[in-house]
Amino acid sequence: MKFISLTAFFFLCTQVLIGKPVKGIVKDSETGEELIGATLVWKENPIVGAVSGLDGSFQMESSANTHTLICRYVGYETLEYPIPNTDSEWTILLKPAVRQINEVVVYSYAANDSENGARNIEKLATNIMNVVSAKAIEISPDITVANVVQRISGVTVERNSSGDGQYAILRGMDKRYNYTLVNGVKIPSPDNKNRFVPLDIFPSELLDRLEVTKTLTADMEGDAVGGAVNLVMKDAPDKRQITANLSIGYNALFLERKFYSFDTKTVTKQSPFEKYGESHPAKAQDFNENVIRMQSGKTPAGLFGGFSYGDRLFGNCLGVMLAGSFQNSYRGSNSLLFNNSTATSDASNLPVLTGKNDRTYSEQQTRYGLHAKLDYRFSPLHKLQWYNAYMDFVNAQVRDNTKTELNIGYDPENGDYNLGFDTRFRLTHRQILNSTLKGTHYFLKNETLKIDWSAVYSQAFNEVPDNCSVYTSTRVRDGKMGSISVVTTPYGSERRWEHNSDRDLAGYFNLLYTLLSDQMKLDFSAGGMYRDKQRSNFYNNYLMLPYDESKPSMNNNLIKGTDWNDYSEIKFRVHNPFGSTGNPLNYDASEKIAAGYGQAKLQIERLQVILGLRIENTNQAYHLKHAIEGVKNKGNQRYTDYLPSLHLKYSPWKNNNFRASYYQSLNRPGFFEIVPYQILNDDYTERGNPELKHTIAHNVDFRYEYFPRPSEQVLAGLFYKRLQNPIEQGILAEGQGQFYQPTNFGDADNYGLEIDWMKYFHSFGIKGNYTFTQSQITTSKLFNYDNPDPASSEKILVKNVAQTRPLNGQAKHVVNLSLLYKDSQSAWDGQVAFSYTGDRLHAVSRYFDDDIWESGYLQTDVSLEKKFKCGIILSAKATNLFNTPMVLYLKKQNPANDKVENYENYRNGTWLRRDYYGQNVQIGVRWRF
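A quick note: this is a predicted structure, and the numbers were derived from the prediction, not measured.

Conventions used here
- Residues numbered from 1 in each chain as written.
- Predicted model: local features only at pLDDT ≥ 70, side-chain atom pairs only at ≥ 80, totals over all residues.
- Heavy atoms only, no water.
- Helix = DSSP H or I, 4+ residues; strand = E, 2+ residues; numbered from the N terminus.
- Rg over C-alpha atoms; globule rule 2.2 N^0.38 Å.
- Contact = heavy atoms within 4.5 Å.
- Areas by Shrake-Rupley, 256 points an atom, 1.4 Å probe, with all protein chains shown as cover.
- Buried < 20%, exposed > 50% of the residue type's maximum accessible area, 1.4 Å probe, protein only.
- Pairing = 2+ DSSP bridges.
- Axes fitted to C-alpha atoms, helices over the stretch in contact; angles between N-to-C directions.
- Core = buried A, V, L, I, M, F, W, Y, C linked by side-chain atoms within 4.5 Å.

Draft legend 1. Layout of the overall build of the chain. A tally of regular secondary structure across the chain gives five helices and 53 strands. On C-alpha atoms alone, the chain measures out to a radius of gyration of 31 Å, which is about the 30 Å that the 2.2 N^0.38 rule sets for 929 residues. Overall size of the chain, expressed as C-alpha extent along the three principal axes, is 105 × 75 × 60 Å. When contacts within the chain are restricted to residue pairs at least 6 apart in sequence, long-range pairs at least 24 apart make up 70% of them. Total accessible area computed for the chain in this model is approximately 40,100 Å², and 56% of it derives from carbon and sulfur atoms.

Here's what the structure looks like:
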């Protein structure tokens, strides 16, 4: 009994000493947003403390002698807060720190690179947009902008041969229907035929945030039907900040096979035509044989690094931000693909498999990124910014392919078939350079007049020098392989040089005048821009045949093991010694855009109305460097478009928005599409279309937005697009010929639904979005049918028929889901991210009901990081965790294909391709000083 009494006494004493836990939330005193990671300690007992969670909440132990909380957060004033009792949940409001820059008072609010800042941008934006903050990018598994952008609702990506995202597809609209900005300025594309920009060239760590704008206002360039991707680069911080990171990575694909490579230093940058002149007939000795010396071995680990330095100097008037990034990774894929054609011997229109390809890709990808941003405040009313960026991407790829011929002597039961081998050695180098000088100035009383201007120089460069392929073959009989020899028909090797450059000079001017009253605010804005784009494109191709002077035949049968062992030992002669400089890919192009706009923005209490009109004049021209007989070697298109827009935003309650908008936009033809080239194929001719019209789109959007907390959101929207003269590839019949060319096919409709949600529960969070997209367009296709005339020698005839299908690249269902964990007390962060893209149209066939589809793709990625008080952060990332394959298929099948080895039907259709990319793992360390 005595023991029980003592135990009860000590228990009561302990409760008195410890007390009840204190609960509460930490917020910004002016914006009301929750502050994540604020530290709290008792003034009377500083060893007891807590850190606010993802929703700003905290809980900490108290005792009988603890009455005052001390709360600290970077960029805010330290606060001592009395806690008279523990019966209530307390709201602690921190004031932003104030500092003086000469005569300018600057308040340190939550940065736009935070999740709170990103949500605030979305809430206050004049148009519909989604924002990914630098903090979200930092803890995500993604290392390139292309992989980051796929996490946004309504966005899918087109992948490259290593499985990484490369081009963005917005709201089911092909990559041609959106544009890319850097700090709000359009940049040129390094692509040799088109104007869209590959996003895998940009390292994600250089970004302050990523913005995807889905509706256009009159002050934005009008050639975006799907939307615009804006890369907002890092800005100067309020005080000195130095960061650095270093990590290593590995692709699990190469745990099971070798990595193939070649010496890129031996690649000759100029073709014989460029080096020696157009009158020089190329000889075998003009080509470096070391380029095709294939090397193999174990894959080294990838290396990733970056740094940034930011500060404010000269009395805080000058802001400086310097950042750099380096990424060297080894990627690849294992692929099994089948060549197919539509049967022409009967009217079944069924797919016939003609070849089976076992293919491997090995790629060394190297990315450099440099970023420099200076801003100078002359006074509170005048500011200059000078931004410079340089992006460099090098991809050294070896593609090794073994092809089994399925239509010539194929007898798998007896082990008889033909084998072909081809190996490609390709070095791709891409650069983007941008320099932008911008001024911002305020005039008149209360700063009611604002003027800003920008002068922009941009350049994009792409080169693929000495792209070399070697072709060999053999015959398998009774399961035994014969001698491997170099192909003699049509050629045994190909050496190709390609390079192109874009140079942009642009100027922007904007004027904003504000009228204020007690009940309303009215902004009048007007401005214009002018861009002069010059493009130059070069292409030259040499065909090589095996040749040994010691043998009498011109086209020699050079056998592996007898005449050569390595590709570099094969002796060739040049079949076309002057190359193919007459190819239409040798062209110069120009594009001059002049635009002006006027816009009015009215704010009456909770209603915002924006009405605008943009006028754009386009002058697009081309000139073939080498005349081609029978075609227009020069041409141009000129047109003017009037693009109205109307945006409404109504906020009936706090943190709620209803948006509605209409805007008109356009899409211009690609540079190469209007060049009147012709490329002869077996059963059709591919050609350009100088009469191609630009596309006009009418766009309607509705969205409801709810921001329950500054870092949380619920968004639901509808969109509809009506496209006039959309540009699609299709078959046209003229006389006795069939031509495959870009064409305007009537009108198209595209509509859909987008839902976003983001919610945090102290240490846990969930982010997700779902997009439904439906589109339809009608184009002409070829269709085989039985000749009704039995006396005719032609038993099968071909006719053009109309087929309705979705737009190219459009997926009906897209889902993204991220599960977040953040323990601020122990400084652990983690994320599991899922990204699903439903079936989508991959390539449009010229035959009826023969389009190629890409199967639904689910990618699972994880990331984890641990912070230490010294400023060091350890991190780990893994992408494509379950090695999900990319699958291409047709939606019809032919029972005759079942006899092909390793073939299987797919979803009651025809399986064409399956690529495995392997898992990618990366571990590293970051420092913040």
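Draft legend 2. Fine view of the pairing of strand S34 (residues 656–667). In terms of burial, S34 is a largely internal element, nine of the 12 residues being buried. As judged from the six bridges shared by strand S33 (residues 634–650) and S34, these two strands associate in the antiparallel manner. Note that in S34 the partner of Lys 649 across the bridge is Arg 659. Between S33 and S34, which follow one another and run antiparallel, lie five residues, and Asn 655 among them has a positive phi close to 65°. As paired elements, S34 and strand S37 (residues 695–706) share 12 bridges and run antiparallel to each other. Counterpart to Ser 661 in the pairing with S37 is Asp 701.

Draft legend 3. Inspection of the sheet that holds strand S4 (residues 57–60) at higher detail. If you walk across this open sheet you meet the three strands as S4-S1-S7, and the pairing is mixed. Each edge of the sheet is formed by a strand with only one pairing partner; in this case those strands are S4 and strand S7 (89–94). Sheet twist, expressed as the average angle between the axes of neighbouring strands with direction ignored, equals 30°. Looking at chain direction, strand S1 (residues 22–28) and S4 are connected through four bridges and run antiparallel. Opposite Gly 24, over in S4, you have Phe 58 as the bridge partner.

Draft legend 4. Main features of the nonpolar core. Residues Val 149, Phe 202, Leu 210, Leu 231, Met 233, Met 391 and Ile 432 are the most contacted members of the largest nonpolar core, which totals 32 residues. Secondary-structure elements contributing two or more residues to this core are helix H3 (134–139), helix H4 (145–149), strand S11 (155–159), strand S12 (165–170), strand S15 (207–213), strand S16 (227–233) and strand S23 (382–405).

Draft legend 5. Highlighting helix H2 (residues 115–124). Extensive coverage of H2 is indicated by the burial of seven of its 10 residues. Buried residues of H2: Glu 115, Asn 116, Gly 117, Ala 118, Arg 119, Ile 121 and Glu 122, and no others.

Draft legend 6. A look at the side chain of Gln 166. Its place among the elements puts Gln 166 in strand S12. Once residues lying within four places of it in the same chain are set aside, the contact partners of Gln 166 are Ala 146, Glu 158, Arg 159, Asn 160, Val 197, Pro 198, Leu 199, Asp 200 and Arg 430.

Draft legend 7. How the structure looks around unusual backbone geometry. With an omega of 0°, the peptide bond between Thr 489 and Pro 490 qualifies as cis. By the element assignment, Pro 490 lies in the loop between strand S27 (485–486) and strand S28 (493–516). Positive phi, normally seen in glycine, also occurs at Asn 349, with a value near 55°. You can call Asn 349 buried: its relative accessible area is 6%.

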